[in-house]
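# Analysis of the macromolecular model
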Amino acid sequence: MAHLAALSQLHVSLAAPAGSDTTLRRSAFKVQNISFGGKSWAPALALDLKSRNAGLTKRLSVCMSVQQASRSKVAVSPIELEDAKEPPLNTYKPKEPYTATIVSVERIVGPNAPGETCHIVIDHGGNVPYWEGQSYGVIPPGENPKKPGNPHNVRLYSIASTRYGDSFDGKTTSLCVRRAVYYDPETGKEDPSKNGVCSNFLCNSKSGDKVQITGPSGKIMLLPENDPNATHIMIATGTGVAPYRGYLRRMFMEGVPKYKFGGLAWLFLGVANNDSLLYDDEFAKYLQDYPDHFRYDKALSREQKNKSGGKMYVQDKIEEYSDEIFKLLDDGAHIYFCGLKGMMPGIQDTLKKVADQRGEKWDEKLSQLKKNKQWHVEVY
């Protein structure tokens, strides 16, 4: 590990699965499982407090203080992915997409969530590199009903992983996809003929299935890394949390040699209820390990009330912390919005109201934020 405290140190020899999360927790007298984000392994462990030569086999030798154990980061590769000066753009276009492979499809919401959201991992073999905050296009199989003989139009999905992917080897990407289901307003029954073609294709996919992808695309949501101590205020509804998962993994989970985050990341996530929270275990882990650098506020519209007694939406949370948010923006913080386009009018109204209360003109402030490249919006 890169840094060792001048505390009593613990020597552990362990076998770690390749590409696994390796946040470690240890007691000098009791060996526990490796765990991160609720996932755990129980590898064969050899605890040797007498010899500094133990574990010189194919196992990974880890030397760390007990205090640092819970904050160790995951090694990533290839580090050459850090070398590009500009983000990759449109490496693959709709007329010549890349054929990737589905690795896994996992439902990530609870039984009481309205609708189904899936986390989908796709193997691109390292051939379609991307940066955090970009999107992939997906072309579902079949024929475009509006253009017989032609493929379906491309559907864009914000990428929910860092450039190294969930396996930390630069060969996969992850998407956060809500299954689009249409219900007839008169009968209340599902009408499969009107369901979302691409979201259902992805959520129904199995490991090994092929998928046509394009991109990557987009620059507006790229994570500015020129100042590693900057403040990033991230506002999302539902699957709009996807790019922020990538940001946060880069900031707090991955051991990226060229990027050491020392600023503040503040996430506001709006969903229907507790069962609808996405990647909550990961975010809770960052909150536990990096309380000085991460804040996490949830707006659960069906379970919480705002100060007026109505449903709690993400704009209500913004209003709750408006003074602090405005001060951070004045100090150069970046603010991001991602999710359904219907989120923006309510948020804009809230920000305008707060600006008026502060004696500021919102239109002028917004213009200045855009000019300073502090304002990042991607809605759909």
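Nothing here was measured: the structure is a model prediction, and the numbers come from that model.

### Things to note about the overall build of the chain
Secondary structure assignment for the chain yields eight helices and 18 strands. Burial status across the chain gives 48% buried among its 380 residues. Considering only residue pairs separated by 6 or more positions, the chain has 72% of its internal contacts joining residues 24 or more positions apart. When the accessible surface of the chain is split by element, carbon and sulfur atoms take 50% of a total near 19,000 Å².

### Structural notes on the UniProt feature "binding site: NADP(+)" (unreviewed entry) in the chain
Per the UniProt record, "binding site: NADP(+)" (unreviewed entry) is found at Ser158, Arg178, Thr239, Ser301, Arg302, Lys311, Gly339, Leu340 and Glu378. Along the chain, Arg178 turns up in strand E11 (residues 172–178). Beyond its immediate chain neighbours, meaning those up to four positions away, Arg178 contacts Pro114, Gly115, Glu116, Thr117, Ser199 and Thr239. Of note is the side chain of Arg178, whose polar atom sits 2.9 Å from the backbone oxygen of Pro114. With respect to the helices and strands, the residue Arg302 is situated in the loop between strand E16 (294–300) and helix H5 (314–320). Those residues within four positions of Arg302 in sequence are excluded, and the remaining contacts are Pro114 and Ala272.

### Thoughts on unusual backbone geometry
Cis rather than trans, the peptide bond between Ser77 and Pro78 has omega equal to -5°. In this fold, Pro78 is placed in the loop between strand E6 (74–75) and strand E7 (98–107). That bond from Gly215 to Pro216 is cis: its omega, 5°, falls within 30 degrees of zero. Not every positive phi belongs to a glycine, and Phe168 is a case in point at roughly 65°. Relative to the helices and strands, Phe168 resides in the loop between strand E10 (155–158) and E11. Of note, Tyr279 is a non-glycine position whose phi angle comes to about 60°, a positive value. Relative to the helices and strands, Tyr279 resides in the loop between strand E15 (264–271) and helix H4 (280–289). Residue Tyr279 is classed as buried on the basis of its relative accessible area, which comes to 9%.

### Some words on the side chain of Asn144
With respect to the secondary-structure elements, Asn144 resides in the loop between strand E9 (135–139) and E10. At 3.5 Å, the side chain of Asn144 forms a polar contact with the side chain of Asn153. If we skip the residues at most four places from it in the chain, Asn144 touches Asn150, Pro151, His152 and Asn153.

### Re the packing of aromatic side chains
Within the structure shown, the criterion is met by 21 aromatic pairs. Put simply, the rings of Phe252, Tyr259, Phe261, Tyr279, Phe283, Tyr286, Tyr290, Phe294 and Tyr296 pair up and form one aromatic cluster. Positioned above the aromatic ring of Tyr279, the side-chain terminus of Arg245 is 4.7 Å from the ring centre. Residue placement shows Arg295 over the ring face of Trp266; its charged tip is 3.7 Å from the ring centre.

### Focus on helix H2 (residues 197–204)
Of all eight residues in H2, six are buried; the element is thus mostly enclosed. When H2 is considered as a whole, its buried residues turn out to be Cys198, Ser199, Asn200, Phe201, Leu202 and Cys203. In this structure, the buried side of H2 is in contact with E7, strand E8 (117–123), E9, E10, E11 and strand E12 (210–217).

### Looking at the sheet that holds E7
Whether parallel or antiparallel, the strands of a sheet pair through hydrogen bonds between backbone atoms. Strand order across the open sheet formed by six strands is E10-E9-E12-E7-E8-E11, with antiparallel pairing between neighbours. Whereas interior strands pair on both sides, the edge strands pair on one side only; in this sheet they are E10 and E11. Each strand of the sheet is rotated relative to its neighbour by a mean of 40°, with strand direction disregarded. Sheet topology note: the E7/E12 ladder contains four bridges and is antiparallel. Along E12, the bridge assignment pairs Thr99 with Gln212.

### Thoughts on the environment of Ile139
Looking at the secondary structure, you find Ile139 in strand E9. Placed 72 residues apart in sequence, Ile139 and Val211 show a C-alpha to C-alpha distance of 7.5 Å. The contact partners of Ile139, leaving out residues within four places of it in the chain, are Pro94, Pro97, Pro151, His152, Val154, Gln212 and Thr214.

### Some points on the nonpolar core
Counting residues in each nonpolar core, the largest one holds 39 residues, and the members touching the most others are Tyr244 and Leu248. Within the residue set of this core, elements represented by two or more residues are strand E13 (231–237), helix H3 (242–253), E15, H4, E16 and strand E17 (334–339). If you tally residues by element for this core, the top one is H3, at seven residues. Each of domain 1 (74–217) and domain 2 (223–379) contributes no fewer than three residues to this core. Contact partners of Leu248, with chain neighbours within four places excluded, come to Met234, Met253, Ala265, Leu267, Phe283, Tyr286 and Phe294.

Definitions and limits used
Residues numbered from 1 in each chain as written. Predicted model: local features only at pLDDT ≥ 70, side-chain atom pairs only at ≥ 80, totals over all residues. Heavy atoms only, no water. Helix = DSSP H or I, 4+ residues; strand = E, 2+ residues; numbered from the N terminus. Buried < 20%, exposed > 50% of the residue type's maximum accessible area, 1.4 Å probe, protein only. Contact = heavy atoms within 4.5 Å. Areas by Shrake-Rupley, 256 points an atom, 1.4 Å probe, with all protein chains shown as cover. UniProt positions renumbered as here; feature names shortened; annotations may be inferred. Polar contact = N/O pair within 3.5 Å; in protein donor to acceptor, adjacent residues only side chain to side chain. Phe/Tyr/Trp six-rings, centres within 6.5 Å; stacked < 30°, edge-to-face > 60°. Lys NZ or Arg CZ within 6 Å of the ring centre and 35° of its normal. Pairing = 2+ DSSP bridges. Axes fitted to C-alpha atoms, helices over the stretch in contact; angles between N-to-C directions. Core = buried A, V, L, I, M, F, W, Y, C linked by side-chain atoms within 4.5 Å. Domains from an automatic or database assignment.

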